[in-house]
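# Topology and contacts: notes
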Amino acid sequence: MSNAKVFYGTGRRKTSTARVYMRPGKGALVINGRSLDEYFGRPTSRMIVRQPLELVGAAGRFDIHVNVVGGGDTGQSGAIRHGITRALLSYDEALKPELRKAGFVTRDARCVERKKVGLHKARKRPQYSKR
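In short, a report on the structure.

Moving on, we get to unusual backbone geometry. Positive phi values are uncommon outside glycine, yet K14 reaches one of about 55°. The topology assignment puts K14 in the loop between β1 (7–13) and β2 (16–24). Of the residues examined, K14 reaches a relative accessible area of 42% and is grouped as partly exposed. For N32, which is not glycine, the phi torsion reads 50° and is therefore positive.

Below is the structure:
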């Protein structure tokens, strides 16, 4: 870790939290000590992570180091995207309208609904019996 200017962003999605450290570099993306392709098997997850960088044309300009905990593939990739977006905003606030228009700035508040008493799942009711 060099002394160069580090831009930080925290991203969240479902039950995942990602801490993103972004510094000027060659475009390396390390997630929990592993490369992006090594960490995410699904091409969709990889694409989600790269979206904000490709949108603003910063794909090869920054080295990104990510610590992500909690949730599964979808939640973690969404959290990383959110974190990268926030790190980009701390780098240059002028990118905000562009990132906002793409919907990357807003925290996706959807999460699993709790199971209720008397029901099988959050909304699935037991079969109705007339008699």
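Here we have five strands laid out as an open sheet, ordered β1-β2-β5-β3-β4, and mixed in their pairing. Either end of the sheet is taken by a strand with one partner, and the two such strands are β1 and β4 (34–35). Here strand β3 (residues 29–31) runs beside strand β5 (residues 62–69); their pairing, made up of three bridges, is parallel. Note that in β5 the partner of I31 across the bridge is V66.

A word on the pairing of β1. Most of β1 is tucked away: five of the seven residues are buried. Bridging between β1 and β2 involves seven bridges; their strand directions are antiparallel. Each bridged residue has a counterpart across the sheet, and for G9 the counterpart in β2 is V20.

Our next topic: the pattern of salt bridges. Here the structure, examined in full by the defined rule, presents seven salt bridges. Residue R46 pairs with D37 through a salt bridge whose shortest N-O separation is 3.7 Å. On the basis of relative accessible area, R46 is assigned to the partly exposed category, the value being 21%. With relative accessibility at 45%, the residue D37 sits in the partly exposed group. The salt bridge partner of R110 is D108, with a shortest N-O separation of 2.8 Å. Its relative accessible area of 58% is what places R110 among the exposed residues.

Looking now at the environment of G75. Its location among the elements puts G75 in helix α3 (residues 73–91). Judged by its relative accessible area of 4%, G75 falls in the buried class. Leave out the neighbours within four places in its chain, and G75 touches R13, K14 and S16.

Definitions and limits used
- Residues numbered from 1 in each chain as written.
- Predicted model: local features only at pLDDT ≥ 70, side-chain atom pairs only at ≥ 80, totals over all residues.
- Heavy atoms only, no water.
- Helix = DSSP H or I, 4+ residues; strand = E, 2+ residues; numbered from the N terminus.
- Buried < 20%, exposed > 50% of the residue type's maximum accessible area, 1.4 Å probe, protein only.
- Pairing = 2+ DSSP bridges.
- Salt bridge = Lys/Arg side-chain N within 4 Å of Asp/Glu carboxyl O.
- Contact = heavy atoms within 4.5 Å.

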